[in-house]
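# Coordinate analysis (summary)
Residue strings, one per chain:
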Amino acid sequence: PAIESKRLRIAMQKSGRLSVDSQALLSSCGLKINLREQRLIAHVENMPIDILRVRDDDIPGLVMDGVCDLGIIGENVLEEVSLQRQLDQENFDYEVLARLDFGGCRLSIAVPQEENYQGVQSLDGKTIATTYPRLLARFLKQQGVNARIVMLTGSVEVAPRAGLADAICDLVSTGATLEANGLKEAEVIYRSKAVLIQRKGLTDAGQLKLIRKLMPRIQGVMQANE
Ligand code: PRP
Ligand code: ZN
Ligand code: MG
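## Concerning the site of ligand 1
Taken together, 14 residues surround ligand 1, and among them D170, S173, T174, G175 and T177 come closest. The separation between an oxygen atom of ligand 1 and a polar side-chain atom of R17 is 2.9 Å. Protein coverage of the free-state accessible area of ligand 1, which is 500 Å², stands at 81%. Only β9 (167-172) and α5 (176-180) provide two or more residues apiece to the shell around ligand 1. The dominant element in the shell around ligand 1, judged by the number of residues it contributes, is β9, at three residues.

Shown next as structure tokens:
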């Protein structure tokens with residue numbers, strides 16, 4: 001008897017910059033997802049696929065650890081997690097299946113609006129809060145700036161007001177979050193878009209067949225959007 005394939009697991013952001021477009025992409029590919037469910041796992045009704053809705057920052061690790069088969073994630077987050085895992089000597093393998101046409105954003109340093117920012121050297125001796133310490137450290141090193149990095153996994157934008165940091169380094173898309181928190185963009189350190197990634201070592205024939213069926217649909221949706 002044929003061995004039954006496991007359901008394909010796709011990780012996407014639960015809420016934030018990528019969630020609406022990620023959901024739209026999957027829907028356009030024919031996946032029927034029950035969007036009303038506010039659950040961690042949403043079953044796709046018409047295909048052997050489960051959607052895991054998680055924090056975007058957790059997606060690279062889930063794919064690299066093989067917990068999820070595919071993931072939709074920003075290149076910046078992927079790069080940050082890869083750098084961190086290399087340092088920790090953890091597995092950081094993955095494969096990029098497609099570069100997507102959404103999720104454009106930049107990783108930027110932002111300072112309080114009232115501050116008279118005079119260039120990177122103004123950051124010398126300052127404390128910067130971020131969820132992306134590796135990318136920030138790399139940038140500061142390149143620029144020869146000595147700043148203290150404070151790692152926060154969420155609500156980074158409130159750190160200056162809360163007195164936890166002088167500046168932040170976070171993702172900016174529309175700029176609404178910075179604006180709402182009295183911050184202004186000072187330096188862009190990384191630009192990125194969303195990508196579709198696959199875990200290494202995926203060998204299940206049924207799952208591979210399903211991915212081969214989905215890929216042309218994804219390419220088709222992106223061409224239609226051009
Ligand atoms: C990022 C960032 C800001 C927001 C910026 O959050 O941390 O909160 O996007 O977007 P804007 O410029 O359009 O306001 P993300 O989507 O990564 O969610 P998270 O903070 O929960 O990880
Ligand atoms: Zn995030
Ligand atoms: Mg955020």
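## Overview of the coordination of the zinc ion (ligand 2)
The protein atoms that coordinate the zinc ion (ligand 2) are D56 (OD), D56 (OD) and D57 (OD), at distances spanning 2.3 to 2.7 Å. Here the zinc ion (ligand 2) and the magnesium ion (ligand 3) are spaced 5.0 Å apart. Classification of D56 by relative accessible area gives buried; the value is 4%.

## Some thoughts on the sheet that holds strand β3 (residues 49-54)
Here six strands make up an open sheet; going across it, the order is β2-β3-β1-β4-β11-β5 and the pairing mixed. The sheet is open, and its two edges are formed by β2 (41-43) and β5 (95-99), each paired on a single side. Taking the axes of each pair of neighbouring strands and ignoring which way they run, one obtains an average angle of 25° across the sheet. The pairing of β2 with β3 spans three bridges and is classified as antiparallel. Each residue of the ladder has a partner; that of H43, found in β3, is D50. Strands in contact with helix α1 (residues 19-28) are β1 (8-13), β3 and β4 (70-74); relative to β1, the strand with the most contacts, it is inclined by about 145°. Packing against the sheet, helix α3 (residues 75-87) makes contact with β4, β5 and β11 (194-198), and its axis sits at approximately 100° to β4.

Rules of the game
- Residues numbered from 1 in each chain as written.
- Chains lettered and ligands numbered in written order.
- Predicted model: local features only at pLDDT ≥ 70, side-chain atom pairs only at ≥ 80, totals over all residues.
- Heavy atoms only, no water.
- Near = heavy atom within 4 Å.
- Polar contact = N/O pair within 3.5 Å; in protein donor to acceptor, adjacent residues only side chain to side chain.
- Areas by Shrake-Rupley, 256 points an atom, 1.4 Å probe, with all protein chains shown as cover.
- Helix = DSSP H or I, 4+ residues; strand = E, 2+ residues; numbered from the N terminus.
- Donors = N, O, S within 2.8 Å, 3.2 Å for Na, K, Ca; no water.
- Buried < 20%, exposed > 50% of the residue type's maximum accessible area, 1.4 Å probe, protein only.
- Pairing = 2+ DSSP bridges.
- Axes fitted to C-alpha atoms, helices over the stretch in contact; angles between N-to-C directions.
- Contact = heavy atoms within 4.5 Å.

So yeah, pure geometry; function would need other evidence.
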